[in-house]
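Structural description and commentary
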Amino acid sequence: MAASEGDGGLQPEELSGAQVIAEALRRQNLRYMFGIVGIPVIEIAMAAQAAGIKYIGMRNEQSACYAASVVGYLTGRPGICLTVSGPGLLHALGGMANANMNCWPVVVLAGSSDRNQETMGAFQEFPQVEACRLYSKFTARPNSLEAIPAIIEKAVRSSIYGRPGACYVDIPGDMVTSKIRSELLRPAPCCLRAPMAMAESQVVKEAALIIKSAKRPLVIVGKGAAYSRAEDNIKKLINLCGLPFLPTPMGKGVVPDNHRNCVSAARSRALQNADVILLLGARLNWILHFGHPPRFRADVKIIQVDLCAEELGNNVKPVAALLGDVNAVVEQLLECFRTNPWTYPSNSEWWLHLKEKMKDNEEASKALAAQKSLPMNYYTVFHNIQAMLPKDCIIVSEGANTMDISRTVLQNYLPRHRLDAGTFGTMGVGLGFALAAAVIAKDESPHQRVICIEGDSAFGFSGMEVETVCRYGFPIVVIVVNNNGIYSGVDEDSWNELKKVGETEIVAPPISLTPNAHYEQVIIAFGGKGYFVQTPEELQKALAACLADQKLPSLINVMIDPSSDRKKQDFTWLTRSNM
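Now for a look at the structure at hand. Please read all numbers here as calculations on a predicted model, not as lab measurements.

Regarding the overall build of the protein
Each helix and strand counted, the protein has 22 helices and 23 strands in total. Relative to the 2.2 N^0.38 estimate, which gives 25 Å for 579 residues, the radius of gyration of the protein is 26 Å and therefore close to what a compact globule would have. In terms of its C-alpha atoms, the protein occupies a principal-axis envelope of roughly 85 × 70 × 45 Å. Residues counted as buried form 57% of the 579 residues belonging to the protein.

Some points on the sheet that holds strand β16 (residues 394-398)
Ordered by their spatial adjacency, six strands build an open sheet running β17-β16-β18-β19-β23-β22, and the pairing between neighbours is parallel. Each having just a single partner strand, β17 (418-419) and β22 (529-533) make up the two edges of the open sheet. Where strand β19 (residues 477-482) lies against strand β23 (residues 554-559), six bridges are found, and the strand directions are parallel. In the strand pairing of β23, valine 477 is matched with serine 554. Relative to strand β18 (residues 450-455), helix α16 (residues 430-444) is tilted by about 180°, and along the sheet it contacts β16, β17, β18 and β19.

A word on the environment of arginine 269
The residue arginine 269 is located in helix α11 (residues 267-273) in this model. Sequence separation between arginine 269 and histidine 353 is 84 residues; the distance between their C-alpha atoms is 8.5 Å. Apart from the residues lying within four places of it in its own chain, the contact partners of arginine 269 are Trp350, His353, Leu354, Glu356 and Lys357. In this structure the side chain of arginine 269 is engaged in a polar contact, spanning 3.0 Å, whose partner is the backbone oxygen of histidine 353.

What to know about unusual backbone geometry
In most cases, non-glycine residues show a negative phi, while peptide bonds are predominantly trans. Geometrically, the link from isoleucine 39 to proline 40 is a cis peptide bond, its omega value of 10° lying close to zero. If you trace the backbone, proline 40 turns up in the loop between β4 (32-35) and α2 (42-50). Here the residue pair leucine 374 and proline 375 is connected by a cis peptide bond, since its omega of 0° sits within 30 degrees of zero. Among the structural elements, proline 375 can be located in the loop between α13 (349-369) and α14 (378-386).

Observations regarding the packing of α13 against α14
Axis separation between α13 and α14 bottoms out at 7 Å; the angle between their running directions is 95°. It follows that α13 is roughly perpendicular to α14 by the angle criterion. Seen from α13, the contacting residues are Ser365, Lys366, Leu368 and Ala369; seen from α14, they are Tyr379, Thr380 and His383. Partitioned by chemical class, the residues of the contact of α13 with α14 number three nonpolar, three polar and one charged.

Section: the pattern of salt bridges
For the coordinates displayed, the defined rule picks out 20 salt bridges. A salt bridge links arginine 31 to aspartate 443, with the shortest nitrogen-to-oxygen separation between them at 3.7 Å. With a gap of 412 residues between them, arginine 31 in the loop between α1 (17-27) and β4 and aspartate 443 in helix α16 connect regions that are remote in the sequence. As a salt-bridge pair, glutamate 467 and arginine 59 come within 3.0 Å of each other at their nearest N and O atoms. In this pair, glutamate 467 is assigned in helix α18 (residues 465-472) and arginine 59 in the loop between β5 (54-57) and α3 (61-75), connecting sequence segments 408 residues apart.

Side note on the environment of leucine 552
Mapping leucine 552 onto the fold places it in the loop between α22 (536-548) and β23. Counting along the chain gives 313 residues from leucine 552 to asparagine 239, while the straight-line C-alpha distance between them is 41 Å. Sequence-distant contacts of leucine 552, defined by excluding residues within four places in its chain, comprise Pro475, Gly527 and Lys529.

Points about empty space enclosed by the protein
A full pass over the atoms with the stated rule returns one cavity of 30 Å³ or more. Here the largest cavity is characterised by a volume of approximately 30 Å³. Considering the residues around the largest cavity, the lining is formed by Ile211, Pro217, Leu218, Val219, Leu243, Val276, Ile277 and Leu278. Of all the elements in the fold, those that place two or more residues in the lining of the largest cavity are β11 (217-221) and β13 (276-280). Across the lining of the largest cavity, the residue classes break down as eight nonpolar, no polar and no charged.

Some thoughts on a nonpolar patch on the surface
A cluster of nonpolar residues, Val37, Ile42 and Met46, forms a patch on the protein surface that exposes about 250 Å² of accessible area. Position of valine 37 relative to the elements: it lies in the loop between β4 and α2.

Some details on the packing of aromatic side chains
One pass over the full model with this rule turns up eight aromatic pairs. For the ring pair tyrosine 66 and phenylalanine 433, a centre distance of 6.3 Å and an interplane angle of 85° mean the geometry is edge-to-face. Of this pair, tyrosine 66 sits in helix α3 while phenylalanine 433 is found in helix α16, placing the two residues 367 residues apart along the sequence. Taking the relative accessible area as the measure of exposure, tyrosine 66 reaches 2% and is therefore buried. The class of phenylalanine 433 is buried, set by a relative accessible area of 0%. For the pair tyrosine 378 and phenylalanine 382, a centre-to-centre distance of 6.3 Å together with 20° between the ring planes defines the contact as stacked. Separated by four residues within a single helix, tyrosine 378 and phenylalanine 382 lie in helix α14, roughly one turn from each other.

Things to note about the sheet that holds strand β15 (residues 320-323)
Here five strands make up an open sheet; going across it, the order is β12-β11-β13-β14-β15 and the pairing parallel. Of all strands in the sheet, those with a lone pairing partner are β12 (245-247) and β15, marking the two edges. Direction aside, neighbouring strands of the sheet carry axes that sit 15° apart on average. Sheet topology places strand β14 (residues 301-306) next to β15; four bridges connect them, and they run parallel. Bridging from a neighbouring strand, isoleucine 303 pairs with alanine 320 of β15. Sheet strands touched by helix α12 (residues 326-339): β13, β14 and β15. Its angle to β13, the strand with the most contacts, is close to 140°.

Observations regarding the state of the cysteines
Summed over all chains, the structure comprises zero disulfides. This cysteine, cysteine 103, is not joined by any disulfide, and cysteine 308 carries the nearest cysteine sulfur, 7.5 Å off. Residue cysteine 103 is classed as buried on the basis of its relative accessible area of 13%. With no disulfide of its own, cysteine 167 lies 10 Å from the sulfur of cysteine 191, the closest cysteine sulfur.

A short note on the pairing of β11
Here β11 lies mainly inside the structure; five of its five residues are buried. Pairing between β11 and β13: five bridges, direction parallel. Within the sheet, the bridge partner assigned to valine 221 lies in β13 and is leucine 280. Relative to β12, β11 runs parallel, the two sharing three bridges. Looking across to β12, one finds that valine 221 is bridged to proline 247.

Rules behind the numbers
- Residues numbered from 1 in each chain as written.
- Predicted model: local features only at pLDDT ≥ 70, side-chain atom pairs only at ≥ 80, totals over all residues.
- Heavy atoms only, no water.
- Helix = DSSP H or I, 4+ residues; strand = E, 2+ residues; numbered from the N terminus.
- Rg over C-alpha atoms; globule rule 2.2 N^0.38 Å.
- Buried < 20%, exposed > 50% of the residue type's maximum accessible area, 1.4 Å probe, protein only.
- Pairing = 2+ DSSP bridges.
- Contact = heavy atoms within 4.5 Å.
- Axes fitted to C-alpha atoms, helices over the stretch in contact; angles between N-to-C directions.
- Polar contact = N/O pair within 3.5 Å; in protein donor to acceptor, adjacent residues only side chain to side chain.
- Parallel < 35°, antiparallel > 145°, perpendicular 65-115°, else oblique.
- Nonpolar A, V, L, I, M, F, W, Y, C, P; charged D, E, K, R; others polar.
- Salt bridge = Lys/Arg side-chain N within 4 Å of Asp/Glu carboxyl O.
- 1 Å grid on protein atoms, 1.4 Å probe; cavity = no way out; pocket = protein on both sides within 12 Å on 5 of 7 lines; lining within 4 Å.
- Points joined across faces, edges and corners; volume = space filled by probe spheres on them.
- Patch = residues over 30% accessible without salt bridge, like charges linked within 9 Å, V, L, I, M, F, W, Y side chains within 5 Å.
- Areas by Shrake-Rupley, 256 points an atom, 1.4 Å probe, with all protein chains shown as cover.
- Phe/Tyr/Trp six-rings, centres within 6.5 Å; stacked < 30°, edge-to-face > 60°.
- Disulfide = S-S within 2.5 Å.

Printed below as a string of structure tokens:
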């Protein structure tokens, strides 16, 4: 029992509610908190710092929740998002929904109105527990200080067990400053890592036989495989069996993008013609076109590996449903192929078919990158960036064309080193994600760089977080690919002509933004370095300077052709607007 010495000798120590919360979080081995403080949670942030938890003060609760969720994805232990009551929590709901959609663990704490003022119209009174139920796996409002350690433990455990996701704990304002004698508290022990489930051995054997019977096999590697730390076993499986593989956007790097069996450059052909697909920690949702024709063969055989039973069979009935942790199930498959060795022939018609398409697409991409005309196009920008990026950097990317095209050009060689809009297609995540990656890198890999590549529209959602970046001195390199609009924009001359025609509110295209906006000035205002570039040479020089500086944050504002677009796509249903 903790005690303090005074005139009357040893006395039981009194703890505030804020201290009880902070100690409960620290006992669960939570290391990072992101938020915006105000009444009634200022004391919680201060107590968290006193307990050794790093607190990053953000400029918007939504970004704070995005950041906290990335901590969960990168470390396997949830980050903490701290908000004030009412509007503060409402702003965080977008981050909670995003975490749930991406299956990332996060714990959200929000202050709420005092218990004795409930239903009276208290300051920022709002039904917070009820509001959060739609966006989280677990919600609770402690009825006493004694209950807090157990509730915090359950929130953390719920966030990482089963399918990971968001959990919410509501903290009435009067509980933050209330006192309790330490001897009355029962600390909750740190919850164990999530149990690792394995698939039924007979189903695993059947799946191995189905793979061996395939004429056109394909492995799809999802971010669930990255989350489960399955990279070593998946690489062994790919190498042992000689299988072609296709990563989803955040599955990139589980097996390096430059691996000889990576068929990302022939994505459409691979999906459309594969007869057997081993689906590792990916969902047949919109990102994979639901597994339906014409994107997939009508008779495709799906072997689905997922830790969530309810996900098995969504949209396409699998021929083998392997319920379990991706890493554990791949180990089971490896054992089958080690016992009865089999390798898919590298000279098969399928491999020749894929390599032909890969060559065509790579040549088309190189041709676009080699164009000398100004303003630059996306491919010129990304090929120049790719040539200079460190192989171990974490790439954060968002924006429509910016995200999609950068994914095809920028290479990832390590798992969990690409973060983007994800399953929810959420814009505005970039700087929150980058901040979380940077604070973890500072502790675990001090020389690792975080590169945040944003479209100009996406940057606008959370651009003030560059102040947060500068305040804490994270040497993040932000690259804004600026086409003056959403999807596309108009150049300055066209914009001026439009203004002559009539009121901007009437004549300006809804997708247009201010032409040639100097976003680099935003970071300069807070002490970072900013660059405005218009040519490949200027881009190379600016990026070299940013990468050489290990201390100052920087932003490169890259002007591109407002009409620049992706190379022609075989399937365009996700961008079917007639604009």
